[in-house]
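Given next are the chains, with one letter for each unit.
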Amino acid sequence: MKLKYPESQWGEELSLYANALDGWIHFEVVDFYGNEYIINPEKVKTPLTLEEVILLIECLEVDRTGSHGNMQGTLYGIPEAESLIYPELKQYFEEKRKGFGLI
């Protein structure tokens, strides 16, 4: 899944990955700068519903204590989202961006 925050200081673009390991689905967020992110939940036993994915995205935070990147992300604004698994995310966040006058 790809997330882009056009209103952020650096126009952050993130990739959210889900990897299965030992019966769990682990989540990881990667950006260009190598920042660390706080993800809740970090792992689950079963795939997330659309609503749970939206909540996970909306609660993402930059981990200021564990950041190794040269430029700390800000995640300001409402993201633009793309996902092959959850195609409804694009429309959900487009509607939300419109509601806040960002489109």
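Computed from a prediction, not measured in an experiment: that's the story for all the values here.

## A word on the pattern of salt bridges
Taken as a whole, this structure holds four salt bridges when the rule is applied. Taking the shortest distance from any N to any O, the salt bridge between glutamate 7 and arginine 97 comes out at 2.9 Å. Of the two residues, glutamate 7 is situated in the loop between β1 (2–4) and β2 (13–21) and arginine 97 in helix α2 (residues 88–99); the sequence distance between them amounts to 90 residues. Accessibility expressed as a relative area gives 26% for glutamate 7, which makes it partly exposed. Between arginine 97 and glutamate 80 there is a salt bridge, with the nearest N and O atoms lying 3.9 Å from each other. With arginine 97 in helix α2 and glutamate 80 in strand β7 (residues 80–82), this residue pair connects regions lying 17 residues apart in the sequence. For arginine 97, a relative accessible area of 3% gives the class buried.

## Topic: the packing of aromatic side chains
Counting across every chain of the model gives two aromatic pairs. Ring geometry for phenylalanine 32 versus tyrosine 33: centroids 5.4 Å apart, planes at 85°, classification edge-to-face. Residue classification places phenylalanine 32 among the exposed positions, given a relative accessible area of 75%. By relative accessible area, tyrosine 33 is classed as partly exposed at 24%.

## What about the confidence of the model for the protein?
In the predicted model, the protein carries a mean pLDDT of 89, and 91% of its residues have values of at least 70. Averaged over each element, pLDDT in the protein is lowest for strand β6 (residues 61–62) (87) and highest for strand β5 (residues 43–44) (98).

## Quick notes on the nonpolar core
Leu14, Phe27, Leu60 and Leu89 are the most contacted members of the largest nonpolar core, which totals 23 residues. Elements with a minimum of two residues in this core: β2, β3 (24–31), α1 (50–58) and α2. When residues of this core are assigned to their parent elements, the largest contribution, four residues, is made by α1. Not counting the four nearest positions on each side in its chain, leucine 14 is found in contact with Met1, Lys2, Leu3, Tyr5, Val29, Val30, Asp31, Tyr37, Leu60 and Leu75.

## Quick look at the sheet that holds β2
In space, the five strands of this open sheet follow the order β5-β3-β2-β1-β7, with antiparallel pairing throughout. Of all strands in the sheet, those bounded by a partner on one side alone are β5 and β7.

## Notes on the pairing of β2
With three bridges connecting them, β1 and β2 associate as antiparallel partners. By the bridge assignment, lysine 2 is partnered in β2 with serine 15. Here eight bridges tie β2 to β3, and the two strands are oriented antiparallel to one another. The partner of asparagine 19 across the bridge, within β3, is histidine 26. Hairpin connection of β2 to β3: two residues between the antiparallel strands, including aspartate 22 at a positive phi of 55°.

Rules of the game
- Within each chain, residues carry numbers counting from 1 in the order of the written sequence.
- Under the rules for a predicted model, residues below a pLDDT of 70 receive no local features and side-chain atom pairs below 80 are neither given nor counted, while totals for whole chains, interfaces and linings still include all residues.
- By convention in this description, side-chain values take in all heavy atoms of the structure and omit both hydrogens and water.
- In the sections that follow, a salt bridge refers to a side-chain nitrogen of Lys or Arg positioned within 4 Å of a carboxyl oxygen of Asp or Glu.
- A run of H or I in DSSP counts as a helix once it spans at least four residues, and a run of E counts as a strand once it spans at least two, with each numbered from the N terminus.
- A 1.4 Å probe rolled over the protein chains alone gives each residue an accessible area, and that area as a share of the maximum for its type sets the label: buried under 20%, exposed over 50%, partly exposed in between.
- Geometry of aromatic contacts follows a simple scheme: Phe, Tyr and Trp rings, the Trp one being its six-membered ring, pair when their centres are within 6.5 Å, and the pair is stacked under 30 degrees between planes, edge-to-face over 60, tilted otherwise.
- Each residue carries a pLDDT score, the predictor's own confidence in it, on a scale running from 0 to 100.
- Side-chain atoms within 4.5 Å link the members of a nonpolar core, which is a set of buried Ala, Val, Leu, Ile, Met, Phe, Trp, Tyr and Cys residues.
- Whether two residues are in contact is decided by their heavy atoms, any of which lying within 4.5 Å being enough.
- Paired strands, in this sense, are two strands between which DSSP finds at least two bridges.

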